[in-house]
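So the chains spell out like this:
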Amino acid sequence: MATIFSKIAAGEIPSYRVGESDRYYAFLDINPLAKGHTLVIPKQEVDYLYDLDDETLSGMIIFAKQIAQKIKAFSGCNKVATVVLGLEVPHAHIHLIPINSEKDVDFSREKLVLTPEEFEEIASKLRG
Ligand code: 5GP
């Protein structure tokens, strides 16, 4: 059965698309820690990031780098944190989170609540 993230990459479930290639897809996390919090996934359906073959994993990091550069320019943050949890959704993904301090990557913090218009505005700026 396809994971929720495969359905998102296939356009079967809506998402705020940030970037896409033939092998990877990037979209805004629906429960963001910060404006611009993005998830990067391989279109290949593998649960655990480090089960990806070397070529897919290295390509994913290079794809994520391009997205991270856009997030940094968009948010003016100090750095873009790269976080891998994967405890909730069994489809390998990388969180890209704009940060200015360590506490900005505390996943137990309350998440931002954004309107669909705010999500779309962020996604369109990151796509541009
Ligand atoms: P993790 O698996 O890394 O522990 O957490 C999964 C992340 O995916 C969470 O930050 C959660 O907000 C996000 N997420 C879960 N389901 C969806 C969804 O349907 N759409 C989007 N955009 N994000 C999701």
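Calculation rules
Residues numbered from 1 in each chain as written. Predicted model: local features only at pLDDT ≥ 70, side-chain atom pairs only at ≥ 80, totals over all residues. Heavy atoms only, no water. Helix = DSSP H or I, 4+ residues; strand = E, 2+ residues; numbered from the N terminus. Buried < 20%, exposed > 50% of the residue type's maximum accessible area, 1.4 Å probe, protein only. Polar contact = N/O pair within 3.5 Å; in protein donor to acceptor, adjacent residues only side chain to side chain. Contact = heavy atoms within 4.5 Å. Near = heavy atom within 4 Å. Areas by Shrake-Rupley, 256 points an atom, 1.4 Å probe, with all protein chains shown as cover. Expected span 1.5 Å × (residues − 1). Arc of directions from axis to C-beta.

### Describing the side chain of T38
Logical step 1: Mapped onto the fold, T38 is located in strand β3 (residues 38-42).
Logical step 2: A relative accessible area of 0% places T38 in the buried class.
Logical step 3: A polar atom in the side chain of T38 sits 2.7 Å from the backbone oxygen of G36.
Logical step 4: The contacts of T38, once residues within four sequence positions are left out, are V18, A26, F27, L28, D29, I67, I71, I94, H95, L96 and L126.

### A look at the site of the ligand
Logical step 1: Taken together, 16 residues surround the ligand, and among them D29, N31, E88, H93 and H95 come closest.
Logical step 2: Within the backbone of L87, a nitrogen or oxygen atom sits 3.1 Å from an oxygen atom of the ligand.
Logical step 3: Taking H95, its side chain carries an N or O atom lying 2.8 Å from an oxygen atom of the ligand.
Logical step 4: In isolation the ligand offers 520 Å² of accessible surface; the protein chains occlude 88% of this area.
Logical step 5: Broken down by secondary-structure element, the contributors of at least two residues to the shell around the ligand are α1 (4-9) and β2 (24-28).
Logical step 6: Per-element accounting of the shell around the ligand gives the leading share, 3 residues, to α1.

### Quick notes on helix α3 (residues 116-127)
Logical step 1: Taking 1.5 Å as the rise per residue, α3 with 12 residues should run 16 Å; its terminal C-alpha atoms sit 16 Å apart, in good agreement.
Logical step 2: Looking at α3, one finds that the buried residues are F119, I122, A123 and L126. For α3, the angular spread of the buried residues around the axis is 95°, confining them to a single face.
Logical step 3: At its buried positions, α3 is contacted by β1 (17-20), β2, β3 and α2 (54-75).

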